[in-house]
Amino acid sequence: MNSIKFLFCGCLVSLLGCAGSTSTAERGADAEAIRAKASQAYNEQDSGSAVKNVPETTLSHPQVGTAEESHVSLAGMLNPYVCPNADDLRGQGIADDPNSALVIAQKDIAAKIQSVVVAKTDETRKSNVDAFGRETIESSFEANTQVFTQLRNAQDAKPVATLTGAGKYGVVACMSKSDAAKPFLNEANLLQDSVTLALKIFEEQKHPVIKNNAFKAAQEMYARMQLDVALLAGLGVNFENKVKGALDLGQQNYNAFRAQYAFYYKVDDFDQSVQQQRRAVFERLSVKYPVRAAECVNGLLLKLDVSPVACSEGSLGISCTTDLYLTGSNCDGEDYFSLHAKVKGSGRYDVNEAKNRLNDNISRGDWFNEWTQELDKWRLE
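**Considering the environment of Leu232**
Turning to its location among the elements, Leu232 is positioned in helix H8 (residues 208-234). Given a relative accessible area of 0%, Leu232 falls into the buried group. Placed 47 residues apart in sequence, Leu232 and Leu185 show a C-alpha to C-alpha distance of 7.1 Å. Residues in contact with Leu232, not counting those within four places in the same chain, are Ala181, Phe184, Leu185, Ala188, Val237 and Phe239.

What follows is the structure, encoded as structure tokens:
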């Protein structure tokens, strides 16, 4: 029995340095030796060796103790295994099979990356949020902090030790910060290219809705890129921001565009007989939309045509009708849409009563609901 205990203690001494007399220098030397083994495991992984070639240590089953105690013992045996570089991200996992243990170790690394995401994103939210909109920063923050249930590039988390004990497998895996940064670096580059493209569309496009949406997209993608840039800085990777100057200039142009944008109402010489009907349509438009009776500048140009009022007598009295036509275009006259409505008014006694009903229907009738479905599309958010 004593010899068994001696053998078991000898195993522990060789792996953990459990003898109480081990000096600090000796423990440092052990750490360096373990780091060298980890580096060798990294090199073997890079050269295409299978996981089974990673050095493996098998623990004897404890003679006494619960399964939970055995689990803790295996976790303790994993603790001394360090990564090839001191600033590598380290994870460990214990499961019933080595693959599941590796997945848990990878999730452990993912949790460490996520802690950097939360810290750096919080810093980004607290600085310059008003420049690009708090809502955009907040939504990007939520997107970036909810993706870490697993590593994006799990293949770069390499096992440096695989241990077994009490029917369980324990794995220690390591990932360099440069490897951890790869997905975020790729995303930041893609977002930067997308910002450049969106700004180009904004500057060249005359269609006001497309122009507005392009700049909004550039803002949102830039905010997302800034979160990636902050994370990369937390992982020690610098990112060259090539679009800030272009975005600042775009912001100035966008502010001018929004200040000028309106529904411009074109007033031409027209038949004086339908002046009252035209005024009724204009008033209805101006109540719901920002309509300007001025020269069109960076907006939607509206042109209204009203047909002469036609009245006829029928079995139920007199009926008057008119046709309303509204076209929308850019300031250069490029057509976007055309709307039509036929409005009626009836009178039991005379033409004046029928015309008054007609004008009332122009001001309050349901025909306008179909027009608003189109005109609402030209409101800029």
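**Structural notes on the pattern of salt bridges**
Per the counting criterion, the structure on display carries 12 salt bridges. Asp248 serves as the salt-bridge partner of Lys244, at 3.0 Å between the closest nitrogen and oxygen. On the criterion of helical spacing, the pair formed by Lys244 and Asp248 is a turn pair, its members being four residues apart in helix H9 (residues 244-260). The class for Asp248 is partly exposed, based on a relative accessible area of 33%. Here Lys342 makes a salt bridge to Asp323, at a shortest N to O gap of 3.1 Å. Taken together, the residues Lys342 in strand E10 (residues 335-347) and Asp323 in strand E9 (residues 317-329) connect sequence positions 19 residues apart. Using a relative accessible area of 48% as the deciding quantity, one classes Lys342 as partly exposed. When its relative accessible area of 15% is taken as the criterion, Asp323 is described as buried. A cluster of three or more residues bridged by salt bridges with shared partners is formed by Asp156, Asp179 and Lys182.

**Concerning the packing of aromatic side chains**
This structure, assessed with the given rule, holds 14 aromatic pairs. Ring geometry for Tyr254 and Phe257: centres 6.2 Å apart, planes at 45 degrees, overall tilted. With Tyr254 and Phe257 both in helix H9 and three residues apart, this pair spans about one turn of that helix. Across the pair, exposure class does not vary: Tyr254 and Phe257 are buried alike. Measuring from ring centre to ring centre gives 5.7 Å for Phe337 and Trp378, while their planes differ by 45 degrees; the resulting arrangement is tilted. Residue Phe337 is found in strand E10, and its partner Trp378 is found in the segment after helix H12 (367-375); the two are separated by 41 residues along the sequence. Given the relative accessible area of 6%, Trp378 is considered buried. By way of ring pairs, the aromatic residues Phe202, Phe215, Tyr254, Phe257, Tyr261, Phe263 and Tyr289 are connected into one cluster.

**Notes on unusual backbone geometry**
One can expect most non-glycine residues to show negative phi and most peptide bonds to be in trans. With a phi close to 55 degrees, Ala166 is a non-glycine residue in the positive phi region. As for its placement among the helices and strands, Ala166 is situated in the loop between strand E3 (158-165) and strand E4 (168-175). Among the residues examined, Ala166 registers a relative accessible area of 28% and is labelled partly exposed. With phi around 50 degrees, Asn298 is a residue other than glycine that occupies positive phi space. Relative to the helices and strands, Asn298 is located in the loop between strand E6 (291-292) and strand E7 (300-306).

**Overview of the state of the cysteines**
Counting across every chain of the model gives three disulfides. Disulfide partner of Cys296: Cys331, at an S-S distance of 1.9 Å. Taking the torsion about the sulfur-sulfur bond, which here is approximately -60 degrees, the covalent link between Cys296 and Cys331 counts as left-handed. Taken together, the residues Cys296 in the loop between E6 and E7 and Cys331 in the loop between E9 and E10 connect sequence positions 35 residues apart. For the protein, numbering the cysteines in disulfides from first to last along the sequence yields the connectivity 1-2, 3-6, 4-5.

**Focus: the pairing of E10**
Pairing analysis gives 12 bridges linking E9 to E10, with the strands arranged antiparallel. Bridge assignment links Leu326 to a residue of E10, and that residue is Leu339.

**Some thoughts on the environment of Lys177**
Within the secondary structure layout, Lys177 lies in helix H7 (residues 177-204). For Lys177, a relative accessible area of 26% puts it in the partly exposed group. What Lys177 contacts, discounting residues up to four positions off in sequence, is Asp87, Asp88, Leu89 and Leu235.

**Some thoughts on H9**
Across its 17 residues, H9 extends 24 Å between first and last C-alpha, which sits within 8% of the 24 Å expected from 1.5 Å per residue. Those residues of H9 not exposed but buried are Leu247, Gly250, Tyr254 and Phe257. Angular distribution of buried residues about the axis of H9 spans 75 degrees; they occupy a single face of the element. Away from its buried face, by an angle of more than 90 degrees, H9 presents the exposed residues Gly245, Gln252 and Ala259.

Calculation rules
- Position numbers for residues start from 1 in each chain and track the written sequence from start to end.
- Residues qualify for local features only when their pLDDT is at least 70, as the model is predicted, and side-chain atom pairs are given and counted only at 80 or more; totals for whole chains, interfaces and linings, by contrast, use all residues.
- To obtain the side-chain values, all non-hydrogen atoms of the structure were included, while hydrogens and water were left out.
- Each helix corresponds to a stretch of at least 4 residues labelled H or I by DSSP, and each strand to a stretch of at least 2 residues labelled E; elements are numbered beginning at the N terminus.
- Accessible area is worked out with a 1.4 Å probe on protein chains only. A residue is then buried under 20% of its type maximum, exposed over 50%, and partly exposed in between.
- Throughout, a residue-residue contact means that at least one pair of heavy atoms, one from each residue, lies within 4.5 Å.
- We define a salt bridge as a contact between a side-chain nitrogen of Lys or Arg and a carboxyl oxygen of Asp or Glu at a distance within 4 Å.
- When the centres of two rings from Phe, Tyr and Trp lie within 6.5 Å, Trp using its six-membered ring, the rings pair. Their planes under 30 degrees apart give stacked, over 60 give edge-to-face, and anything left gives tilted.
- The criterion for a disulfide is a pair of cysteine sulfur atoms lying within 2.5 Å.
- The rule for pairing is simple: two strands pair if DSSP sees at least two bridges between them.
- Helices are assigned an expected span. That span is 1.5 Å times one less than the residue count.
- Within this analysis, the arc is defined by the directions that extend from the helix axis to the C-beta atoms.

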